[in-house]
Amino acid sequence: EFLDANASAAFIGESMSSFYRRTSNREIPYYKRGKRIFCKRNELKIWLESGKKPTRHEIRETFSN
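The model shown is predicted, which means the values in this text are computed figures rather than measured ones.

Details of the pairing of strand S3 (residues 36-40)
Residues in a regular strand project their side chains so that they alternate between the two faces of the sheet.
Alright, step 1. Sheet topology places strand S1 (residues 2-4) next to S3; three bridges connect them, and they run antiparallel. Bridge pairing in S3 links Phe-2 to Lys-40.
Alright, step 2. Where strand S2 (residues 31-33) and S3 come together, three bridges link them in antiparallel fashion. Paired with Arg-33 across the two strands is Arg-36, which belongs to S3.
Alright, step 3. Joining the antiparallel neighbours S2 and S3 is a turn of two residues, in which Gly-34 adopts a positive phi near 65°.

Right under this line is the structure:
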């Protein structure tokens, strides 16, 4: 499912200016048709999830094995 710029910014919880800055810096996946920007909901979800930081418990388990 494609989201327009407004819906994409809302989905990731950012202002439009922050959203446009991230697209300009190519920090998030997006598609462009003319002057319009679109994002796929599932790609934004993957992008958000890629920023997950491990919990202390997960770190301890990693080093204890």
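Examining the pattern of salt bridges
Alright, step 1. All told, the structure shown has five salt bridges when counted by the stated rule.
Alright, step 2. Measuring nitrogen to oxygen at the nearest pair gives 4.0 Å for the salt bridge that ties Glu-27 to Arg-21.
Alright, step 3. A relative accessible area of 40% means that Arg-21 is categorised as partly exposed.
Alright, step 4. Its salt-bridge partner being Glu-58, residue Lys-52 comes within 2.9 Å of it at the nearest N-O pair.
Alright, step 5. For Lys-52, a relative accessible area of 53% corresponds to the exposed category.
Alright, step 6. Ionic contacts of the salt-bridge type, sharing partners, join the residues Glu-14, Arg-21, Arg-22 and Glu-27 into one network.

Parameters and conventions
Residues numbered from 1 in each chain as written. Predicted model: local features only at pLDDT ≥ 70, side-chain atom pairs only at ≥ 80, totals over all residues. Heavy atoms only, no water. Pairing = 2+ DSSP bridges. Helix = DSSP H or I, 4+ residues; strand = E, 2+ residues; numbered from the N terminus. Salt bridge = Lys/Arg side-chain N within 4 Å of Asp/Glu carboxyl O. Buried < 20%, exposed > 50% of the residue type's maximum accessible area, 1.4 Å probe, protein only.

The values are spatial; any link to function lies outside them.
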